[in-house]
Amino acid sequence: MTDGIRAFEKAIANLSLKVHRPETIERFALYATELQKANAVMNLTAVDDTVGIFVRHFADSLSVFAAGAIQPESSVIDVGCGAGFPGLPLKIFADDQGIPMRLTLMDATGKKVAFLERLVGQLGLSDVSCATARAEEAGRKPEFREKFDVATSRAVARFSVLAELCFPFVKKGGVMAAIKSASVGEELAAAEKAIAALSGGKPELFAYQLLETEPDSRVVLVRKEKATPGEYPRTFAKIRKNPLENAPKGQVLQP
Ligand code: SAH
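Heads up: these notes are all about the structure in this document. (Residues numbered from 1 in each chain as written. Predicted model: local features only at pLDDT ≥ 70, side-chain atom pairs only at ≥ 80, totals over all residues. Heavy atoms only, no water.)

### Some points on the sheet that holds strand β1 (residues 74–79)
Right, on to step 1. If you walk across this open sheet you meet the seven strands as β3-β2-β1-β4-β5-β7-β6, and the pairing is mixed. The open sheet has two edge strands with one neighbour each: β3 (128–132) and β6 (204–209). Taken pair by pair, the neighbouring strands of this sheet meet at an average axis angle of 20°, ignoring direction.
Right, on to step 2. In this fold helix α3 (residues 50–61) packs onto β4 (148–154), β5 (170–181) and β6, with an angle of close to 160° to the strand it touches most, β4.
Right, on to step 3. Contacting β1, β2 (101–107), β3 and β4, helix α5 (residues 87–96) crosses the sheet at an angle of about 165° to β2. (Pairing = 2+ DSSP bridges. Helix = DSSP H or I, 4+ residues; strand = E, 2+ residues; numbered from the N terminus. Axes fitted to C-alpha atoms, helices over the stretch in contact; angles between N-to-C directions. Contact = heavy atoms within 4.5 Å.)

Spelled out as structure tokens, the structure:
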């Protein structure tokens, strides 16, 4: 555990972040232990060594914090959170920094959400709710639609698809914050149409590298400028068949 904690502290120092309270490290240690225990009986994460969990899951999640996406009183939804990344480390860290934050962890897979529900109780966190749902269905429901200051996500879909899953949750003036690899430029170029259709502004990139041994990464921040048109999100079958980066079906191109 000590190696993991040391690597974590070094990695977050590279994000210009620092843990203030010893209880926070205890919370992350409990999270790592519970993740390893649960991962032995169900498939939650491919990265399951202690140092890997501390660096590639916990510290990497905090890149969203370092990018400035989390403000006091932010309501945050993590879309396709899996075992809680990046949302849960963000909440643990916000608590550490004395920053009030409300979190909704959403995933389509019930057993992952059940793991998180139990874990949130063990960690003694307040203002966290867990939802088993597909984002493209939840994003049409009044209780979720345009209710969040921040929709964050990591490793769920290509940006054009992810934008359609995330933007419906974001309030006007709020932000989508996605963790991506350094090669996100191509995805973003292909997603220009999606971002415009979903009422997003110009993407801003926050570049970071956790450790010398870790890859160069990005947080992509896109602000929502006005309400997302009611036709989005579409069903997943439609999103997949006709992602917003393609020319609309039936469009007649002028010679
Ligand atoms: N964000 C986590 C997990 C990534 S794996 C991490 O970075 O470690 C992708 C996760 O997204 C899976 O848990 C899967 O169940 C979930 N997912 C994929 N499509 C989804 C959708 N349309 N709605 C909700 N969850 C989805």
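Further notes follow.
### With respect to the nonpolar core
Right, on to step 1. Of all hydrophobic cores here, the largest spans 58 residues; its most connected members are F8, F58, L88, L105 and F115.
Right, on to step 2. Beyond its immediate sequence surroundings of up to four residues, L105 is in contact with D78, C81, G84, G87, L88, L116, V120, V128, S129, C130 and A131.
Right, on to step 3. L162, F167, V220 and L244 belong to the second-largest nonpolar core, a separate cluster that totals 33 residues. (Core = buried A, V, L, I, M, F, W, Y, C linked by side-chain atoms within 4.5 Å. Buried < 20%, exposed > 50% of the residue type's maximum accessible area, 1.4 Å probe, protein only.)

### Observations concerning the packing of aromatic side chains
Right, on to step 1. For the structure on display, the rule yields 11 aromatic pairs.
Right, on to step 2. Centre to centre, the rings of F28 and F58 are 4.9 Å apart; their planes meet at 40°, and the pair counts as tilted. With F28 in helix α2 (residues 22–39) and F58 in helix α3, the pair connects residues that are 30 residues apart, well separated along the chain. Residue F28 shares its accessibility class with F58, and that shared class is buried.
Right, on to step 3. Seen from their ring centres, F148 and F169 are 6.2 Å apart, and the 80° between their planes marks the pair as edge-to-face. (Phe/Tyr/Trp six-rings, centres within 6.5 Å; stacked < 30°, edge-to-face > 60°.)

### Points about the site of the ligand
Right, on to step 1. Neighbouring the ligand are 15 residues; G80, F85, D107, E136 and R154 lie closest to it.
Right, on to step 2. Residue T109 places a side-chain N or O atom 3.1 Å away from an oxygen atom belonging to the ligand.
Right, on to step 3. Between a nitrogen atom of the ligand and a side-chain N or O atom of R134, the distance comes to 3.1 Å.
Right, on to step 4. Relative to its unbound accessible surface of 570 Å², the ligand loses 81% to contact with the protein.
Right, on to step 5. For the shell around the ligand, the residue count by class is seven nonpolar, three polar and five charged. (Near = heavy atom within 4 Å. Polar contact = N/O pair within 3.5 Å; in protein donor to acceptor, adjacent residues only side chain to side chain. Areas by Shrake-Rupley, 256 points an atom, 1.4 Å probe, with all protein chains shown as cover. Nonpolar A, V, L, I, M, F, W, Y, C, P; charged D, E, K, R; others polar.)

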